[in-house]
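# Structural characterization, general
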Amino acid sequence: FASQRNLHINVNISSGNLSDSFPSGDEDNTFTGNVDNEINGNWISAPTGSIHEARLKAKVKRRLRKNSSRDSGRGDSLSDTGDVVRSVVPPTSPKGKLLNRRSRMGKGRGLPKKGGAGGKGVWGTPGQVYDEDKVDVKDPNYDAEQENCVYETVVLPLDEETFEKTVTPIVQEYFEHGDANEVAELLAELNLGSMRGDVPMLAVSLALEAKASHRELTSCLLSELCGCVLTADDVEASFHKLLKELPDLVLDTPGAPQMLGQFIARAVADNILPKSFIDGYKGRVDCEYARAALDRAAVLLRMSRWTGLRIDSLWGSGGGQRPVNQLIKEVNLLLKEYLLSGDTVEAERCLRELEVPHFHHEFVYEAVIMVLESKGNRTLQMILQLLKSLCASTVITVDQLRRGFERVYVDMADLSIDVPCAYSLLEKFVEQSFDTGVIDKKLRDLCPCR
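Counting restarts for each chain: residues are numbered from 1 in the order of the written sequence. In view of the model being predicted, local features appear only for residues whose pLDDT reaches at least 70, and side-chain atom pairs are presented and counted only at 80 or more, with totals across whole chains, interfaces and linings using the full set of residues. Values shown for side chains rest on all heavy atoms present in the structure; no hydrogens or waters enter the calculation.

Our focus in this paragraph is the overall build of the protein chain. Counting from the N terminus, the helices are DSSP H or I runs at least four residues long and the strands are E runs at least two residues long. Looking only at helices and strands, one finds 20 helices and five strands in the protein chain. Classification of residues uses two cut-offs on accessible area relative to the type maximum, computed with a 1.4 Å probe and protein chains only: under 20% is buried, over 50% is exposed, and between them is partly exposed. Here the protein chain holds 450 residues, and 34% of them are scored as buried. Residues count as neighbours in contact if any of their non-hydrogen atoms are within 4.5 Å of one another. A fraction of 61% describes how many contacts in the protein chain between residues 6 or more apart in sequence connect residues 24 or more apart. Computed with a 1.4 Å probe, the accessible areas rest on the Shrake-Rupley method; for each residue, only the protein chains presented here act as cover. A total of about 29,300 Å² of accessible surface is found on the protein chain, and carbon and sulfur atoms cover 51% of it.

Turning to the pattern of salt bridges, a few remarks are in order. One speaks of a salt bridge when a side-chain nitrogen belonging to Lys or Arg is within 4 Å of a carboxyl oxygen belonging to Asp or Glu. If you walk through the whole model with that rule in mind, you get 13 salt bridges. Notably, a salt bridge pairs lysine 282 with aspartate 279, separated by 3.6 Å at the nearest N-O pair. In this structure lysine 282 comes out as exposed when scored by relative accessible area, which is 61%. By relative accessible area, aspartate 279 is classed as partly exposed at 45%. Among the ionic contacts, a cluster of salt bridges with common partners joins Glu216, Arg266 and Asp270.

To estimate the expected span of a helix, count its residues, drop one, and scale the result by 1.5 Å. The terminal C-alpha atoms of helix 16 (residues 377-392), which comprises 16 residues, lie 22 Å apart, in line with the 22 Å expected from a rise of 1.5 Å per residue. Buried residues of helix 16: Thr379, Leu380, Met382, Ile383, Leu384, Leu386, Leu387 and Leu390, and no others. Where the residues of helix 16 are buried, they touch helix 13 (324-341), helix 14 (344-354), helix 15 (360-374) and helix 19 (422-435). Positive backbone phi, approximately 60°, marks threonine 394, located one or two places after helix 16.

Among the surface-exposed residues, Lys57, Lys59, Lys61, Arg62, Arg63 and Arg65 lie close enough to one another that they form a single positively charged patch. When you line up the elements, lysine 61 lands in helix 2 (residues 51-66). Residue classification places lysine 61 among the partly exposed residues on the basis of a relative accessible area of 31%. To count toward a patch, a residue needs a relative accessible area over 30% and no salt bridge; like charges are then connected within 9 Å, while nonpolar side chains (Val, Leu, Ile, Met, Phe, Trp, Tyr) are connected within 5 Å. Charged residues are defined here as Lys and Arg on the positive side and Asp and Glu on the negative side; His and the ends of the chain fall outside this count. Note that the charge is assigned to NZ on lysines, CZ on arginines, CG on aspartates and CD on glutamates.

Examined against the element boundaries, arginine 215 turns out to sit in helix 7 (residues 212-225). Summary of buried charges: arginine 215 has no salt-bridge partner, and the nearest side chain of opposite charge, glutamate 353, is 6.9 Å away. Counting of polar contacts relies on pairs of N or O atoms within 3.5 Å, with two restrictions inside protein: one atom must be capable of donating a hydrogen and the other of accepting it, and residues adjacent in sequence are counted only when both atoms are side-chain atoms. Within the local environment of arginine 215, its side chain forms a polar contact with the backbone oxygen of alanine 210, the two atoms lying 2.8 Å apart. The residues contacting arginine 215, other than those within four sequence positions of it, are Ala207, Leu208, Ala210, Met259, Phe263 and Trp315.

Shown next as structure tokens:
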């Protein structure tokens, strides 16, 4: 059989003339004899044109044998025409057995095991509803006392360190949004325990280092919390502690005694502190800072009773909450005081205390108008020095400065009616502002002329 396993091609070729064996015009069919071949154990007797087809079939068979372990769930075979025919073959590989959900016993109608309720991650058949588990009295682990148990979430009371870390961000966020109801809800979720009386103390301590508007918010917060989260005794105990700690508070805030006195007067006016709070300290105060705070509170309450001073507006309102007419009056008063004193630092401090950085263009506008109406060189030089100082310290931004000058440019037609030489004065002021670096060239070129 060794000779038969080799490929034998019998070709009738005459030894004399090779061209007689190959008919003219049919050079492609050079082999006209029978072809006996064996491919993968199958004997093939075919013409030369079918050798290529036989090799393709053998290649497909090898591929099917190679993939038989992967697709063990189905059997593939090759038909006589070279097409792959799929037939149902029982799974042979372990992977195929895991993926197949039919019974392996060879019985049944081929339905899924356990009615489709088996397999990993399956909790019963689709649509199945589980009832509540009934307690078995005969269970060795049965405990009759657990029948009426009520489970509740227990929040541990805050200690001193945790209290400060938890409540401080709440108060600081309140300074930003000003919503006292949100603070009350957040504090109600905490188990303050014995630290409940320290809430007003922490809020006032933070407000002493903040702005006047934040101190006003703190007074409103204490008034809102008293009754729902805090009691009157908690508020009174907090102010007692604040008076004792005034020597330490003065180190960080020198004006703490006067501000604490205002807090006490405001609390008495809001009826969250008893009127006898101040009288209880008469003749019993040794600390000079506590005495100054109590004296300040007593004076304010006496003024409210005799002169009608409104303690509810003691701290003033925030910059964004004041009416525009009031802000304009305060800006004019600030500029007039500056022209009398010439104190640039004091003017800058007063402008910061207004807390209206979005309204500084009105300050620039009123300052330029004051220069045009004064008709004097002294006012021009002082206003120029003030604007230069405020721009250098970034109290007034470039945008607010530009908006103030542009407002003056737009109103020049009306201003020239009251001040005939307004255009010449404005050109002089704009040129000197450009020379000192207060405004840029673009803003100078926008200056109108008659």
